Amino acid sequence: PSIAIFGLNEFATRFPSAIIGTLAVIATYLMVMQLTRDKNFAIISAFLLAVSPWHISLSRGAFEANLTTFFIPLGIWTYFSGLEKPKYLIISAMAFGLNLFSYHAARIFTIILLFVLLKFTWKKIKLVSKNHFRKIISSLVVIATFILLLIYSFLTGANERAQDITIFNPTDKWAAVSDRRYEAILQGLSSETARIFSNKVTYIFHRITSNYFSYLSPHFLFTEGVSEWSYGMIPGRGVLYTLEIIPILMGLAFYIKKGELKNMKLIIIWILLAPIPAALSKGPGGSGTRVAVMMPAIQILSAYGIVSGIELLKKMFKNIALIKFSYVFVICLYLISLVFFSEDYRYHANVRGAKSMQYGMNELVGYVSEADVKYDEILLSRSLSVPNIWVQFYQKID
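Rules behind the numbers
Numbering of residues starts from 1 in each chain and follows the order in which that chain's sequence is written. For this predicted model, a pLDDT threshold of at least 70 governs which residues receive local features, and a threshold of 80 or more governs which side-chain atom pairs are given and counted, while totals over whole chains, interfaces and linings are taken from all residues. The basis for every side-chain value is the complete set of heavy atoms in the structure, and neither hydrogens nor water enter the calculation. Strands here mean DSSP runs of E at least two residues long; helices mean DSSP runs of H or I at least four residues long; both are numbered from the N terminus. Only protein chains enter the area calculation, which uses a 1.4 Å probe; residues under 20% of their type maximum are buried, those over 50% are exposed, and those in between are partly exposed. Residues count as neighbours in contact if any of their non-hydrogen atoms are within 4.5 Å of one another. Accessibility throughout is a Shrake-Rupley quantity obtained with a 1.4 Å probe, and a residue counts as covered only by protein chains that appear here. Put simply, a nonpolar core is a bunch of buried Ala, Val, Leu, Ile, Met, Phe, Trp, Tyr and Cys residues held in one set by side-chain atoms that sit within 4.5 Å of each other. Multiplying 1.5 Å by the residue count of a helix minus one yields the expected span of that helix. In this analysis, rings of Phe, Tyr and Trp, with Trp reduced to its six-membered ring, are considered paired at centre separations within 6.5 Å, and the interplanar angle assigns stacked below 30 degrees, edge-to-face beyond 60, and tilted for intermediate values. For a lysine, the NZ atom is tested; for an arginine, the CZ atom; a charge sits over a ring if that atom is within 6 Å of the ring centre and within 35 degrees of the ring normal. Taken from the helix axis, the directions to the C-beta atoms give the arc we talk about. Pairs of N or O atoms within 3.5 Å make up the polar contacts considered here, provided that, within protein, one atom can donate a hydrogen while the other can accept it, and that residues adjacent in sequence are counted only when both atoms are side-chain atoms. Here the axes come from fitting lines to C-alpha atoms, over the contacting stretch only for helices, and the angles between their N-to-C directions go from 0 to 180 degrees. Orientation is classified from the angle alone, with under 35 degrees giving roughly parallel, over 145 giving roughly antiparallel, 65 to 115 giving roughly perpendicular, and any other angle giving oblique. Take the far helix as the reference: if the near one is turned anticlockwise from it by less than a right angle, the crossing is left-handed, and if turned clockwise, right-handed. Polar here means any residue outside two lists: the nonpolar Ala, Val, Leu, Ile, Met, Phe, Trp, Tyr, Cys and Pro, and the charged Asp, Glu, Lys and Arg; Gly therefore counts as polar. A patch consists of residues exposed above 30% relative accessible area that lack any salt bridge, with like charges linked at up to 9 Å and nonpolar side chains (Val, Leu, Ile, Met, Phe, Trp, Tyr) linked at up to 5 Å. By salt bridge we mean one thing: a side-chain nitrogen of Lys or Arg within 4 Å of a carboxyl oxygen of Asp or Glu.

A. Here's a closer look at the overall build of the chain. Counting secondary structure elements, the chain contains 20 helices and zero strands. When its C-alpha atoms are laid out on the principal axes, the chain stretches across 75 × 65 × 50 Å. Looking at the 398 residues of the chain, the share that counts as buried comes to 45%. In the chain, the share of contacts with a sequence separation of at least 24, taken over all contacts with a separation of at least 6, comes to 73%. When the accessible surface of the chain is split by element, carbon and sulfur atoms take 65% of a total near 22,000 Å².

This is the structure in structure tokens:
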């Protein structure tokens, strides 16, 4: 629709992602409000997502991974709302169904999350089904339809990308396993014994565990961040602000000490499950898109640390002015961090990431279009990613 309105250009292509990114902030507020009934908690959670460098970076480009940051909180909000007003369950099924088609990582995560939600709310679902059986069945039909469409799309070729990036299909065709085994044999280990230590199972186990924990590490979250420039984020800068390590650790500490705030266990499980799709993918880790399903859960955990910390101050000092100052102080810290991120993003990242983000294709196609009349044939190298799309886009070829 945006291309129909604004034409085929960069703005029209990126505009839907910006809208989705904005709606994700609203969906996060509504979800947290529904889960916890705590307005301060909901506002802080939405605020942290709104100023998150991870979310801002994904929302500014046409990255499919950004869609999941909206559909997941929308689906959870309407799911829990549906336990009180069953008409919302169909909306929830639609949200989760659409999320299956948003991004590869979201497909795996959505299926897992649906089972988790059912586990959390099975007793309530049974109670709702007694009085609203038709609405439950309708919701199941909606989500089942999306799952069947997903299976059909996989059977008709949509799984090629997934097969290409999966860790079960290594680029080197298992050469790393063979080389390691051969190295051990050269050092005197028998072939049979070397096979015990170096085989496909041990290789996959090592890669999955290594990838999984890399996404939960402070290195990825707070200091070094993503491993490449290709997806609009800044390598050498954490996907979260460095200061966020404090409220996140506080959130975990308060959760462990105080037990579960209403439905906070769901958020913790969400964070722990989020790296699974990325862990099953090739590469050394550090992909901000493949683990984007962690948002906004990680921001909610951070908000939980902030709100719980300020509540503790409230009990200790019983000073309203101190409580208000604490909220203002925290917000100011995040806004200062946002300013420093914006300076890096606006005045440095565009220079350092230009090649990886394939800057200059518009000018390239413009030059080629002008030179077209001089030559019988013009060839574009495959080193320019998938070069045909640039010609089709900027020449507006139907």
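Back to the write-up after that little detour.
B. Region of interest: the nonpolar core. By size, the foremost hydrophobic cluster in this structure holds 92 residues, and its most contacted members are W54 and I76. If sequence neighbours within four positions are ignored, W54 has contacts with F220, M233, V239, L240, G288, V291, A292, M294, M295 and I298.

C. Local environment of helix α14 (residues 245-258). In a regular helix each residue adds 1.5 Å, so 14 residues correspond to 20 Å; α14 covers 20 Å between its end C-alpha atoms and thus fits that length. Of the surrounding secondary structure, the elements contacted by the buried residues of α14 are α13 (218-223), α15 (264-273), α17 (297-317) and α18 (320-352).

D. Representation of unusual backbone geometry within the structure. Cis geometry is found at the peptide bond from M295 to P296, where omega equals 0°. Within the element layout of this structure, P296 appears in the loop between α16 (275-279) and α17. With phi around 60°, R37 is a residue other than glycine that occupies positive phi space. Looking at where R37 falls in the secondary structure, it is placed in the loop between α2 (10-36) and α3 (39-50). Among the residues examined, R37 registers a relative accessible area of 46% and is labelled partly exposed. Look at Q358: it is not a glycine, yet its phi comes out positive at around 60°. By the element assignment, Q358 lies in the loop between α18 and α19 (361-371).

E. Molecular detail of the packing of aromatic side chains. The final tally for this structure, using the stated rule, is 19 aromatic pairs. Where F6 meets F11, the ring centres are 5.1 Å apart and the plane angle is 90°; that geometry is what we call edge-to-face. The rings of F6, F11 and F15 are connected pair by pair, giving a single aromatic cluster. For R346, the ring lying beneath its charged end belongs to Y347, and the centroid distance is 5.0 Å.

F. Spatial organisation of helix α12 (residues 200-215). Its 16 residues place the ends of α12 23 Å apart at the C-alpha level, agreeing with the 22 Å of an ideal helix rising 1.5 Å per residue. Along α12, the residues classified as buried are I204, R207, N211, Y212, S214 and Y215. Summarising the axial view, the buried residues of α12 lie within an arc of 165°, below the 170-degree limit, and thus occupy one face. Exposed residues on α12 whose side chains face more than 90 degrees from its buried face are V201, F205 and F213. Buried-residue contacts for α12 involve α13, α15 and α16. Put simply, N199 is the residue that caps the front of α12, since its side-chain oxygen is 3.0 Å from the backbone nitrogen of V201.

G. Spotlight on the packing of α14 against α17. At a minimum axis separation of 7 Å, α14 and α17 run at an interaxial angle of 70°. Taken as axis vectors, α14 and α17 run roughly perpendicular relative to one another. Across from P247, I248, M250, G251, L252, F254, Y255 and K258 in α14, the residues of α17 making contact are I298, L301, S302, Y304, G305, I306, S308, G309 and L312.

H. Focus on the packing of helix α5 (residues 68-82) against helix α7 (residues 104-131). For the pair α5 and α7, the least separation of the axes is 11 Å and the interaxial angle reads 15°. Between α5 and α7, the interaxial angle falls into the category roughly parallel. As α5 packs across α7, the resulting crossing turns out to be right-handed. Here T68, I72, I76, Y79 and F80 of α5 come into contact with α7, specifically with A106, F109, L113, L117, L118, T121 and I125. Of the residues belonging to the contact of α5 with α7, the class tally is ten nonpolar, two polar and no charged.

I. Quick peek at a nonpolar patch on the surface. Side chains of I245, I246, L249, M250, L252 and I256 sit close together on the surface and give an oily, nonpolar patch of about 530 Å² of accessible area. If you trace the backbone, I256 turns up in helix α14.

J. A look at the pattern of salt bridges. If you walk through the whole model with that rule in mind, you get three salt bridges. Between R237 and D344 there is a salt bridge, with its nearest N and O atoms 3.1 Å apart. Of the two residues, R237 is situated in the loop between α13 and α14 and D344 in helix α18; the sequence distance between them amounts to 107 residues. Residue class for D344 comes out buried when judged on its relative accessible area of 11%.

K. Structural detail: the environment of I56. Among the structural elements, I56 can be located in helix α4 (residues 53-60). Along the primary structure I56 and N66 are separated by ten residues, whereas in three dimensions their C-alpha atoms are 9.5 Å apart. For I56, the contacting residues outside a window of four places in its chain are A50, V51, L338 and F341.

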